[in-house]
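# Fold and geometry: a report
What follows is the residue order along each chain.
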Amino acid sequence: MAKDEAQAAKRIAQLRQEIKEHDRRYYEEAAPTISDREYDRLYKELVDLEAKFPDLVTPDSPTQRVGGKPLQAFAQIQHRAPMLSLDNTYSEDEVANFYKRITRLLPDEEIPVVIEPKVDGVAVSVMYENGRLKYAATRGDGLVGDDITQNIKTIRSVPQQLRGSAPKVFEVRGEAYLDKNGFKKLNKEREAAGLPLFANPRNAAAGSLKHLDPKIAAQRPLGMVFYGTGAVEGVDVDLHSKIFPLFKKLGLPTHENWWLADSVEKVLDAIRELDRIRHDFPYETDGAVIKVDALAQRERLGFTAKSPRWAIAYKYAAERVETKLLDIIVQVGRTGILTPVAMLEPVVVSGSTVSRATLHNEDEIKRKDIRIGDTVVIEKAGEVIPAVVEVVKSKRPRNAKPFDFLKHIHGKCPVCGGEVRRDPQFVAWRCENLQCPAQATRRLEFFAARGALDIESVGGIVADKLVERGLVREPLDLFELKVEQLGKLNLGTEENPRIFGEKNATKAIQAIERARTFPLSRWLYALAIPDVGKTTATDLARFHQTIEEVASSKLLRDVLAYHETKGDKEATKEIAERLIKSGFAQPSKSKIDKQGGIVTEVGPVVAKSVLDFFGSSAGKKMLQRMKQLGVRPKSEKVSAKKMAELPLAGKTFVLTGTLPSMTREEASAKIEALGGHVSGSVSKKTDYVLAGAEAGSKLEKAKELGVPIIDEPTFRKMV
Ligand code: IVH
């Protein structure tokens, strides 16, 4: 491998890891820690590097898939037509290039395009059959999403029944949002109740829709804007611009402002006009979407691997302002990571006052050479967390000194005074003291958070006070709290007390008790084991039945051993075979891996981290304590071994058309229950295509690739 390729491989691996982590925060936790713009920068760097070194592209790269993973707890819905996303751009030049490109692809034709607002919410598909709302789903990974029907039904502007004569099948797609005022109100209420705040309206909307309890969604002022269709039967729409009046006629909320344009200049005019008026919309917008109007032209333009060639999203630049950096404070997170935060002279950006901004880590400060006393440019898009973009060097005070992280904290944890160590993996300093109160609070918050053990009343200030008053030193202490103790908890100050109250306390204790019954995957996540996110926790729970099994996992030890026995070919081979047999590893197809290499379900870093965690005295104590408390989470999944014995194990099915006596959902459920897998598109890897009436392009593709095609009776015999 050439030197620059090796370097690229390293950077690519780094970018993938970072992007995956941000995806997880965004899609699974609805709590991103960087702005969209920063995310797009990382993503673009990866795309560019992969384009330069195509050999380094692997199927698991974030560039090779569409979006987040559906949550496990919701039923899954397979989209009848994939829900794609769009290419993003921040430059008018690229918009012009887009228009020029389509003109080149369709020469000598007029190509009117529609320009409409890009609503900053959550993509949703709603299916109407004979006018009645049948189901609603999130985008999920583009092929399969979460069934959020109950939550969508709580949105008043989404009709249960379409008005007038409705088409037979009418799948509409749009964006669910929380309006700007509703967002402010919601965060105010959460602050008063001591709950963690949402970073922006989109996260609040995502959080509301991803709640399993529809009562929560019902309390939030959610709205909806529909801007497209999915599967449709019984109506013919030939122009996108016709869907706006059609939606209105059917009673579906849609865009009020949109433009038609047939030249680069007119497109750019429309984008600029939208920018002038969008701040008055009730919902957040972060850009404009430009779409070819005629569906016939769209069809001829087609798609790239990920997105349509007939549309592009233009994102408005985030607003930037200058202000003074007064100080840098250092916060301690749940795993002890020290995060520098900029304390700013308050300024108004994008309609709200900003006095803090995240600085991410020491390297970031060095790279941008940020110094206390500097005038800095901060950026904020809509309601997202502001970031420091750059320093205005010409305004730097003479005496400003380069920022020395370690000196700034006097070499100690700013909260507990404990030892700190630089963690090379996270380019961050970390407090080593597991008893650090800041860590205890953050761990407690994390333990109780959505997606972990879901104890909503134990967030923010409640967690702070529980630790401060010595009622909770570690998360498991929650299980010994009594209603009386908790009810008396003072969330205010001595002079200005605010008592938690018995009613809230009873609710909290009920939620705590409920957490006992949660499955292993949730517990593994909630324990805040370094490097174990939701996906990893789910993967681990698939291969282990109990927490003790994870703690002394032979599989994880094998993963470590595989990476450590470098010289000894025989030993490596033996371990690799064992891991493959257990289902915990697969033979690698990537060119980067050595011959005969494997890809394990989790990597050596995670394996080490998990084993270290349970091997430490704190980890052992924790297991002991869980036993004492009678908390014994079990894996909710069939073990890999049992999975492999199921009749359809390892078989991939693709469904197409309408089956005579079962719905797609029923067929999918059957396949999955028997160990098979349902995919949205036909490839060489497909084992069977289950085809019904009016099957379309998937059937053609199957014929082309020689994939066996079966009908419902054959399928029934099989299962
Ligand atoms: S059209 C294949 N129109 O932005 C085209 N999307 O990456 C599908 N969005 O996932 C999208 N406003 O969630 C379209 N007026 C609009 C939109 C819009 C917001 C979202 C949508 C999509 C993403 C684009």
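In what follows, the accompanying structure is described. Being a predicted model, the structure only gives us computed values, none of them experimental. (Residues numbered from 1 in each chain as written. Predicted model: local features only at pLDDT ≥ 70, side-chain atom pairs only at ≥ 80, totals over all residues. Heavy atoms only, no water.)

## A closer look at the pairing of strand 10 (residues 285-292)
Where we set the bar: Relative accessibility decides the category of a residue: with a 1.4 Å probe and only protein chains considered, values under 20% of the type maximum give buried, values over 50% give exposed, and everything between is partly exposed. Counting from the N terminus, the helices are the DSSP runs of H or I reaching at least four residues and the strands are the DSSP runs of E reaching at least two. At least two bridges found by DSSP between two strands is the condition for calling them paired.
Burial of strand 10 is extensive: eight of the eight residues sit out of reach of the surface. By the bridge criterion, seven bridges tie strand 3 (residues 113-119) to strand 10 in an arrangement that is antiparallel. Bridge assignment links valine 113 to a residue of strand 10, and that residue is valine 292. Pairing geometry for strand 10 and strand 11 (residues 311-315), over five bridges, is antiparallel. Paired with alanine 288 across the strands is tyrosine 314, a residue of strand 11.

## Re the packing of aromatic side chains
What characterises a pair of aromatic rings is the spacing of the ring centres plus the angle enclosed by the ring planes. What counts is decided by this rule: Each aromatic pair joins two rings of Phe, Tyr and Trp (for Trp, the six-membered one) with centres within 6.5 Å, and gets the label stacked for planes under 30 degrees apart, edge-to-face for over 60, and tilted for any other angle. A ring has a charge above it when a Lys NZ or an Arg CZ is no more than 6 Å from the ring centre and no more than 35 degrees off the ring normal.
Counted under the stated rule, the structure contains 17 aromatic pairs. Site record: aromatic cluster; members linked through ring pairs are Phe170, Phe226 and Phe247. A cation over an aromatic ring shows up here: arginine 522 above the ring of phenylalanine 518, its NZ or CZ 4.5 Å from the ring centre.

## Focus: the pattern of salt bridges
This is how the line gets drawn: Salt bridge, as applied in this entry: a Lys or Arg side-chain nitrogen positioned within 4 Å of an Asp or Glu carboxyl oxygen.
Counting across every chain of the model gives 44 salt bridges. The shortest N-O distance in the salt bridge between arginine 11 and glutamate 45 comes to 2.7 Å. Here arginine 11, found in helix 1 (residues 3-28), pairs with glutamate 45, found in helix 2 (residues 36-52); they are 34 residues apart in sequence, far enough to count as distant. Residues aspartate 48 and lysine 44 are paired through a salt bridge, measuring 3.3 Å at the closest nitrogen-oxygen approach. On the criterion of helical spacing, the pair formed by aspartate 48 and lysine 44 is a turn pair, its members being four residues apart in helix 2. Taking relative accessible area as the criterion, aspartate 48 reaches 38% and is therefore assigned partly exposed. A network of salt bridges, in which partner residues are shared, links Glu362, Asp363, Lys366 and Arg422.

## Brief notes about the packing of helix 3 (residues 92-105) against helix 9 (residues 264-277)
Quick note on the threshold: Each axis is a line fitted through C-alpha atoms, taken for helices only over the stretch in contact, and angles between the N-to-C directions span 0 to 180 degrees. Put simply, angles under 35 degrees are roughly parallel, angles over 145 are roughly antiparallel, angles from 65 to 115 are roughly perpendicular, and the rest are oblique. Less than a right angle of anticlockwise turn of the near helix away from the far helix marks a crossing as left-handed, whereas a clockwise turn marks it as right-handed. In what follows, residue pairs with any heavy atoms lying within 4.5 Å of each other are defined as contacts. Gly counts as polar in this scheme, as do all residues outside two lists: the nonpolar Ala, Val, Leu, Ile, Met, Phe, Trp, Tyr, Cys and Pro, and the charged Asp, Glu, Lys and Arg.
At a minimum axis distance of 10 Å, the contact between helix 3 and helix 9 shows a crossing angle of 140°. In this view, helix 3 runs oblique relative to helix 9, as classed from their interaxial angle. Read as a crossing pair, helix 3 and helix 9 show a hand that is right-handed. From helix 3, Glu92, Val95, Ala96 and Tyr99 reach across to helix 9, where they touch Val264, Val267, Leu268, Ile271 and Arg272. Split by residue class, the contact of helix 3 with helix 9 holds seven nonpolar, no polar and two charged.

## Remarks on the site of the ligand
Selection criterion: Distances are taken per atom, and a residue is near a molecule or strand as soon as one of its heavy atoms is within 4 Å of it. Each polar contact in these results corresponds to two N or O atoms within 3.5 Å; when the atoms are within protein, one needs to be able to donate a hydrogen and the other to accept it, and residues that are neighboring in sequence are counted only if both atoms are side-chain atoms. What sets the accessible areas is the Shrake-Rupley method with a 1.4 Å probe; for residues, cover comes only from the shown protein chains.
Lining the immediate surroundings of the ligand are 15 residues, of which Leu86, Glu116, Lys118, Arg139 and Glu175 lie closest. The contact in question runs from a nitrogen atom of the ligand to an N or O atom on the side chain of glutamate 116, over 2.6 Å. Between glutamate 175 and the ligand, the recorded distance is 2.9 Å, taken from a side-chain N or O atom to an oxygen atom. Protein chains shield 88% of the accessible area of the ligand, which is 520 Å² for the free molecule. Elements with a minimum of two residues in the shell around the ligand: strand 3 and strand 10. In terms of residue count, the dominant contributor to the shell around the ligand is strand 3 (four residues). Here the shell around the ligand is built from residues that sort into eight nonpolar, two polar and five charged.

## As for the sheet that holds strand 24 (residues 709-710)
The sheet built from four strands is open, its strands ordered 22-21-23-24 with parallel pairing. Each edge of the open sheet is held by one strand with a lone partner, namely strand 22 (677-679) and strand 24. Relative to strand 22, strand 21 (residues 652-656) runs parallel, the two sharing three bridges. Paired with threonine 652 across the two strands is histidine 677, which belongs to strand 22.

## Focus: helix 23 (residues 617-629)
Since one α-helical turn is 3.6 residues long, residues separated by three or four positions face the same way. Threshold: The span one expects for a helix is its residue count, reduced by one, times 1.5 Å. Our arc is simply the arc of the directions from the helix axis toward the C-beta atoms.
Between its first and last C-alpha, helix 23 extends 18 Å over 13 residues, near the 18 Å set by a 1.5 Å rise per residue. Among the residues of helix 23, Gly619, Met622, Leu623, Arg625, Met626 and Leu629 are the ones counted as buried. End-on, the buried residues of helix 23 take up no more than an arc of 165°, which puts them together on one face. Exposed residues pointing more than 90 degrees away from the buried face of helix 23 are listed as Ser617, Lys620, Lys621 and Gln628. The elements touched by buried residues of helix 23 are helix 17 (520-526), helix 19 (547-551) and helix 22 (604-615). Of the residues flanking the end of helix 23, it is glycine 630, one or two places downstream, whose phi is positive at about 75°.

## Let's talk about the environment of lysine 488
Position of lysine 488 relative to the elements: it lies in the loop between helix 15 (483-487) and helix 16 (502-515). A C-alpha to C-alpha distance of 44 Å links lysine 488 and aspartate 404, two positions 84 residues apart in sequence.

## As for the side chain of glutamate 362
Among the structural elements, glutamate 362 can be located in helix 11 (residues 362-368). Classification of glutamate 362 as buried rests on a relative accessible area of 11%. Polar side-chain contacts of glutamate 362 include one of 2.7 Å to the side chain of tryptophan 429. Setting aside its immediate chain neighbours within four residues, glutamate 362 contacts Phe405, Arg422, Val427 and Trp429.

## Considerations on the pairing of strand 21
With five of five residues buried, strand 21 lies mostly within the body of the structure. Alternating residues of strand 21 divide into Thr652, Val654 and Thr656 and Phe653 and Leu655, and every residue in both groups is buried. Where strand 21 lies against strand 23 (residues 688-691), four bridges are found, and the strand directions are parallel. Bridging across to strand 23, leucine 655 finds its partner in leucine 690.

## Here's the deal with the sheet that holds strand 11
Ordered by their spatial adjacency, five strands build an open sheet running 2-11-10-3-9, and the pairing between neighbours is mixed. Of all strands in the sheet, those with a lone pairing partner are strand 2 (88-89) and strand 9 (259-261), marking the two edges. Bridging between strand 2 and strand 11 involves two bridges; their strand directions are parallel. From the neighbouring strand, asparagine 88 faces strand 11, where its bridge partner is alanine 313. Taken strand by strand, helix 3 contacts strand 2, strand 3, strand 10 and strand 11, and its axis lies near 170° from that of strand 11.

## Quick look at the environment of leucine 556
Along the chain, the position of leucine 556 falls in helix 20 (residues 554-564). Judged by relative accessible area, which is 0%, leucine 556 ranks as buried. Note: C-alpha distance between leucine 556 and alanine 528 (28 residues apart in sequence) is 18 Å. Apart from the residues within four sequence positions on either side, leucine 556 is in contact with Leu540, Val550, Phe584, Val602, Ala607, Val610 and Leu611.

## Considering the nonpolar core
The line we're drawing: Only buried residues count toward a nonpolar core. Its members are Ala, Val, Leu, Ile, Met, Phe, Trp, Tyr and Cys residues joined through side-chain atoms within 4.5 Å.
Ranked by internal contacts, the top residues of the largest apolar core, which has 69 residues, are Leu466, Leu478, Trp523 and Phe614. Residues Val158, Val172, Ala206 and Leu252 belong to the second largest nonpolar core, which totals 35 residues.

## Here's the deal with unusual backbone geometry
Here histidine 410, not a glycine, exhibits a phi torsion of approximately 50°, which is positive. As for its placement among the helices and strands, histidine 410 is situated in the loop between helix 12 (405-408) and strand 17 (420-423). With a relative accessible area of 67%, histidine 410 lands in the exposed category. Look at alanine 528: it is not a glycine, yet its phi comes out positive at around 55°. Its relative accessible area of 7% is what places alanine 528 among the buried residues.

The values reported here are purely geometric and, on their own, carry no functional implication.
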